[in-house]
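Here are the chains, one letter per residue:
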Amino acid sequence: DAGVTQTPRHEVAEKGQTIILKCEPVSGHNDLFWYRQTKIQGLELLSYFRSKSLMEDGGAFKDRFKAEMLNSSFSTLKIQPTEPKDSAVYLCASSLRQEVFFGKGTRLTVV
Amino acid sequence: GQQVQQSPTSLVLQEGENAELQCNFSTSLNSMQWFYQRPGGSLISVFYNPSGTKQSGRLTSTTVIKERRSSLHISSSQITDSGTYLCAMESNYNVLYFGSGTKLTVEP
């Protein structure tokens with residue numbers, strides 16, 4: 001069984017660029033989450049979809065972060081424009097009932 | 001405010017010693033999950049444990065909903081157990097709220 005797949009694994013962007021991160025959840029899972037992980041803040045929720053509907057949009061991340069889920073097997077996270085403080089690991093996760101499974105993450109560096 | 005308090009922040013053990021990691025929750029929870037992460041690695045689910053006690057090999061998780069706490073016990077620690085252990089609680093919907101993690105180092 002394929003787990004949660006995230007691409008790319010690493011991304012380097014210049015300040016002001018637009019980047020798009022991608023996620024494929026576990027087949028059949030109807031909940032999808034985007035988290036950001038940094039050493040200082042730990043894990044922070046960015047977005048949560050249930051059956052493709054946006055349930056939570058992470059409050060503080062609204063202005064430059066936009067997650068979309070156009071179909072049940074694919075989601076994107078767009079950061080526009082990027083800033084150096086966005087450097088972090090971006091994690092996608094999915095679940096069916098309650099146990100949550102994470103992808104390997106995308107390490108974003110903004111210079 | 002901080003909903004999940006995890007302790008200790010870090011822990012150093014000699015191989016063979018036991019470890020007890022704690023999580024306390026400030027709000028009611030529907031379920032909780034423990035994750036393991038190596039430096040630069042992904043989050044691996046260790047236990048999904050809404051309540052009661054679960055055991056898997058040398059690992060035991062106990063969640064007491066009424067007392068809003070969960071613990072992870074590692075017996076006879078091994079060097080390969082080194083890494084960060086994170087607890088996460090699920091409150092509303094299925095969103096997980098994470099503790100700050102316990103960095104475990106097991107030395108020979």
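That block above? That's the structure.
These remarks concern the structure in this document. (Residues numbered from 1 in each chain as written. Chains lettered and ligands numbered in written order. Predicted model: local features only at pLDDT ≥ 70, side-chain atom pairs only at ≥ 80, totals over all residues. Heavy atoms only, no water.)

Focus: the overall build of chain B
And step 1. When helices and strands are counted, chain B shows 0 helices and 11 strands.
And step 2. For chain B, the N- to C-terminal ordering of α and β elements is β-β-β-β-β-β-β-β-β-β-β.
And step 3. The C-alpha atoms of chain B give a radius of gyration of 13 Å, which matches the 13 Å a tight globule of 108 residues would have.
And step 4. With the C-alpha coordinates aligned to their principal axes, the bounding extent of chain B is approximately 40 × 25 × 20 Å.
And step 5. Within chain B, buried positions represent 44% of all 108 residues. (Helix = DSSP H or I, 4+ residues; strand = E, 2+ residues; numbered from the N terminus. Rg over C-alpha atoms; globule rule 2.2 N^0.38 Å. Buried < 20%, exposed > 50% of the residue type's maximum accessible area, 1.4 Å probe, protein only.)

Quick word on the overall build of chain A
And step 1. Of regular secondary structure, chain A possesses 0 helices and 11 strands.
And step 2. Beginning at the N terminus, the succession of helices and strands in chain A can be written as β-β-β-β-β-β-β-β-β-β-β.
And step 3. Computed over the C-alpha atoms, the radius of gyration of chain A is 13 Å, within 12% of the 13 Å expected from 2.2 N^0.38 for a compact globule of 111 residues.
And step 4. Overall, the C-alpha framework of chain A stretches about 40 × 25 × 25 Å when taken along its three principal axes.
And step 5. Of all 111 residues assigned to chain A, the portion counted as buried reaches 46%.
And step 6. Restricting the contact set of chain A to residue pairs at least 6 apart, pairs at least 24 apart contribute 52%.
And step 7. When the accessible surface of chain A is totalled, it reaches about 5,900 Å², and 48% of it is carbon and sulfur. (Contact = heavy atoms within 4.5 Å. Areas by Shrake-Rupley, 256 points an atom, 1.4 Å probe, with all protein chains shown as cover.)

Some words on the interface of chain B and chain A
And step 1. On the side of chain A, 20 residues touch chain B, which itself brings 17 residues to the contact.
And step 2. Inspection of the chain B/chain A interface yields 4 residue pairs in polar contact (both at pLDDT 80 or more).
And step 3. The set of elements that each furnish at least two residues to the side of chain B that touches chain A consists of β4 (31–37), β5 (44–48), β9 (83–90) and β10 (96–98) of chain B.
And step 4. In terms of residue count, the dominant contributor to the side of chain B that touches chain A is β4(B) (4 residues).
And step 5. In the side of chain B that touches chain A, the residues fall into 9 nonpolar, 7 polar and 1 charged. (Polar contact = N/O pair within 3.5 Å; in protein donor to acceptor, adjacent residues only side chain to side chain. Nonpolar A, V, L, I, M, F, W, Y, C, P; charged D, E, K, R; others polar.)

Details of the sheet that holds strand β8 (residues 74–79) of chain A
All names here are of chain A.
And step 1. Spatially, 4 strands are ordered β1-β3-β8-β7 in an open sheet, and the strand pairing comes out antiparallel. Only two strands of the sheet have a single partner each, and these edge strands are β1 (5–7) and β7 (65–71). Averaged over all neighbouring strand pairs, the angle between strand axes comes to 20°, with direction disregarded.
And step 2. In terms of strand pairing, β1 meets strand β3 (residues 19–24) through 3 bridges, oriented antiparallel. (Pairing = 2+ DSSP bridges. Axes fitted to C-alpha atoms, helices over the stretch in contact; angles between N-to-C directions.)

Some words on the layout of surface pockets
And step 1. If you add up the space inside the largest pocket, you get close to 1,200 Å³.
And step 2. Lining the largest pocket are 49 residues, with A:Q37, A:T38, A:K39, A:G42 and A:L43 sitting closest to its centre.
And step 3. When contributions to the lining of the largest pocket are tallied by element, the ones reaching two or more residues are β4 (31–38), β5 (42–50), β9 (88–95) and β11 (106–110) of chain A together with β9, β10 and β11 (102–107) of chain B.
And step 4. For the lining of the largest pocket, the class distribution of residues is 17 nonpolar, 24 polar and 8 charged. (1 Å grid on protein atoms, 1.4 Å probe; cavity = no way out; pocket = protein on both sides within 12 Å on 5 of 7 lines; lining within 4 Å. Points joined across faces, edges and corners; volume = space filled by probe spheres on them.)

Overview of the pairing of β7(A)
Residues and elements named next belong to chain A.
And step 1. Examined bridge by bridge, β7 and β8 share 5 bridges and lie antiparallel to one another. Considered in β8, the bridge of F65 is made with I79.
And step 2. Count of turn residues in the β7/β8 antiparallel hairpin: 2 residues.

Remarks on the pattern of salt bridges
Residues and elements named next belong to chain A.
And step 1. One pass over the structure, following the stated rule, counts 9 salt bridges over all chains.
And step 2. Two residues, D86 and R36, come together in a salt bridge whose shortest N-O distance is 4.0 Å. Taken together, the positions of D86 in the loop between β8 and β9 and R36 in strand β4 put the pair 50 residues apart, joining distant regions of the chain. A single burial state applies to D86 and to R36, both of which are buried. (Salt bridge = Lys/Arg side-chain N within 4 Å of Asp/Glu carboxyl O.)

Observations regarding the state of the cysteines
Residues and elements named next belong to chain A.
And step 1. Here the structure, examined in full by the defined rule, presents 2 disulfides over all chains.
And step 2. For C23, the disulfide goes to C92, at an S-S distance of 1.9 Å. Because the torsion about its S-S bond is -70°, the bridge between C23 and C92 counts as left-handed. Residue C23 is found in strand β3, and its partner C92 is found in strand β9; the two are separated by 69 residues along the sequence. Each of the two residues, C23 as well as C92, counts as buried. (Disulfide = S-S within 2.5 Å.)

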